Amino acid sequence: MSKTWRPATQLVHEGTLRSQYGETSEAIFLTQGFVYETSEAAEARFKGETDGFIYARYGSPTNDMFEKRMCALEGAEDARATASGMAAVTAAILCQLKAGDHIVAARALFGSCRWVVETLAPKYGIECTLIDGRYLENWEKAIRPATKVFFLESPTNPTLEVVDIAGVARLADQIGAKVVVDNVFATPLFQKPLELGAHIVVYSATKHIDGQGRCLGGVVLSDKEWIDENLHDYFRHTGPAMSPFNAWTLLKGIETLPLRVKQQTASAARIADFLAEQKQVAKVIYPGRKDHSQADIIARQMSGGSTLVAFELKGGKEAAFALQNALDIIKISNNLGDSKSLITHPATTTHKNLSDDARAELGISPGTVRLSLGIEDVEDLIDDFAQALSNVKS
């Protein structure tokens, strides 16, 4: 495949395998195992002397196509597709750590990601320090002799803060640590963590990559050496593999990723500007607006805004619920990146397990709302917000 293709072309053609039948659409290889011509051929494949598939838990032709397509888009040498985004996050972190190691993580994380580093990892003797990741000095101060991993998401869920990925990567390189970036909110179209110096990138493919609310999936991407030395055996023996059917669904979804994200981002910018003018709204956070507190970093490391908008209603939880309940087109859901516009109240859904103080540290107030824009006509979405806001006290 051509390395000079642009993303929209890569996402239709890259990594495609065709059987002897010459199918147009990628085939779904729904099989658990594979047949060998001879016993010698089986032995050679298990020894790694010849290429080929062994068992669907290790890999399959359909999964291989998805992984290669994601590598082309991300600029990565290798990848492993997982059953969910959280399987990808957990694998990327735990596969390279042992008891006595130390993680530094930005405190602004999706609730389940924070649970992995703050609750699960310590059960295995891996310590974690949570910091305000917006400031490089906090990363530097948290470093210990045993620090092996820096973990962050940027922009963050749900308040759309950003972390200076290149700056964090420089610190990590000084001590031989690895930077793991959850790049879901930026999408691989708007931010390239590996080009910025990060070592591992993870995605919940459930979000923008599928983009149509159909299936779960995740992917871990890095250089081949890191995959072979750290993730390969973990992946084979713990079994977080993606279903070939899900891989096929994601292959179909990713073909339209640039079209969807372009529309969603344009709508997000319009909606952010609209909400900023409403008397019921106390604050709007959007990476594409000049009033974002980290606009300088965004300009350096992102080539576009976001498909998501965060905003705070003056009336707190009561106002947030009133708004959400009055919306017609926009649906209440904790998912994001869908072709349908979705809205959620983080304090009572995605971040409900955090303490009040922890949510306050992250900027999640009772009035905070997260909006994921879909591909509907933006004028209809503005009309929907206008009628819904009439039900909210200012």
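A quick note: this is a predicted structure, and the numbers were derived from the prediction, not measured.

Chemist: Explain the overall build of the protein chain here, please?
Modeler: When helices and strands are counted, the protein chain shows 15 helices and 12 strands. Over its C-alpha atoms the protein chain spans a radius of gyration of 22 Å, differing by no more than 12% from the 21 Å that the globule rule assigns to 394 residues. Taken over the C-alpha atoms alone, the protein chain extends approximately 75 × 55 × 35 Å along its principal axes. Buried positions account for 57% of the 394 residues belonging to the protein chain. Total accessible area on the protein chain stands at roughly 17,000 Å², and carbon and sulfur atoms take up 50% of it.

Chemist: Explanation requested: the domain arrangement of the protein chain in the structure shown.
Modeler: Reports of interface size often rely on the accessible area that becomes lost once the parts have come together. Here the domain parsing of the protein chain yields domain 1 (7–253) and domain 2 (257–391). The C-alpha-based centres of domain 1 and domain 2 are spaced at 27 Å. Each side of the interface is counted separately: domain 1 has 40 residues, and domain 2 has 39 residues. Both faces combined, the contact of domain 1 with domain 2 buries some 3,200 Å², and carbon together with sulfur accounts for 61% of it. If you look at where domain 1 meets domain 2, you find one salt bridge. Notably, a salt bridge pairs D164 with R300, separated by 3.4 Å at the nearest N-O pair. Where domain 1 meets domain 2, there are 19 residue pairs in polar contact (both at pLDDT 80 or more). For the side of domain 1 that touches domain 2, the secondary-structure elements that each account for two or more residues are helix 1 (7–13), helix 5 (111–123), helix 7 (165–175) and helix 8 (187–190). The biggest single contributor to the side of domain 1 that touches domain 2 is helix 8, with four residues. Among the residues forming the side of domain 1 that touches domain 2, the class breakdown is 21 nonpolar, 12 polar and seven charged.

Chemist: Would you take a moment to explain the sheet that holds strand 7 (residues 218–222) for this structure?
Modeler: Sheet strands pair via backbone hydrogen bonds, and the direction of the pair is either parallel or antiparallel. Sheet architecture is open: seven strands sit in the order 1-7-6-5-4-2-3, paired in mixed fashion. This sheet does not close on itself; its edge strands, each paired only once, are strand 1 (78–82) and strand 3 (127–131). Averaged over all neighbouring strand pairs, the angle between strand axes comes to 20 degrees, with direction disregarded. The pairing of strand 2 (residues 102–106) with strand 3 spans five bridges and is classified as parallel. Bridging across to strand 3, V104 finds its partner in T129. Here helix 5 sits on the sheet and contacts strand 2, strand 3, strand 4 (147–153) and strand 5 (178–182); the angle it forms with strand 3, its principal contact strand, is near 140 degrees. The strands touched by helix 7 are strand 4 and strand 5; relative to strand 4, the strand with the most contacts, the crossing angle is about 170 degrees.

Chemist: Just to check I follow, could you spell out the packing of helix 4 (residues 85–94) against helix 9 (residues 224–238) for this structure?
Modeler: For any two helices packed against each other, one specifies the inter-axial angle together with the distance between the axes. Interaxial distance between helix 4 and helix 9 falls to 9 Å at its minimum, and their mutual angle equals 120 degrees. Accordingly, the angle class assigned to the pair helix 4 and helix 9 is oblique. Of the two elements, helix 4 crosses helix 9, and the hand of that crossing is right-handed. Along the contact surface, helix 4 presents T90, A91, A92 and L94, while helix 9 presents W226, L231 and Y234. Among the residues making up the contact of helix 4 with helix 9, the classes are represented as six nonpolar, one polar and no charged.

What counts, and where the lines are drawn
- Residues numbered from 1 in each chain as written.
- Predicted model: local features only at pLDDT ≥ 70, side-chain atom pairs only at ≥ 80, totals over all residues.
- Heavy atoms only, no water.
- Helix = DSSP H or I, 4+ residues; strand = E, 2+ residues; numbered from the N terminus.
- Rg over C-alpha atoms; globule rule 2.2 N^0.38 Å.
- Buried < 20%, exposed > 50% of the residue type's maximum accessible area, 1.4 Å probe, protein only.
- Areas by Shrake-Rupley, 256 points an atom, 1.4 Å probe, with all protein chains shown as cover.
- Domains from an automatic or database assignment.
- Contact = heavy atoms within 4.5 Å.
- Buried area = accessible area lost by both parts, 1.4 Å probe.
- Salt bridge = Lys/Arg side-chain N within 4 Å of Asp/Glu carboxyl O.
- Polar contact = N/O pair within 3.5 Å; in protein donor to acceptor, adjacent residues only side chain to side chain.
- Nonpolar A, V, L, I, M, F, W, Y, C, P; charged D, E, K, R; others polar.
- Pairing = 2+ DSSP bridges.
- Axes fitted to C-alpha atoms, helices over the stretch in contact; angles between N-to-C directions.
- Parallel < 35°, antiparallel > 145°, perpendicular 65-115°, else oblique.
- Left-handed = near helix turned anticlockwise from the far one by under 90°.

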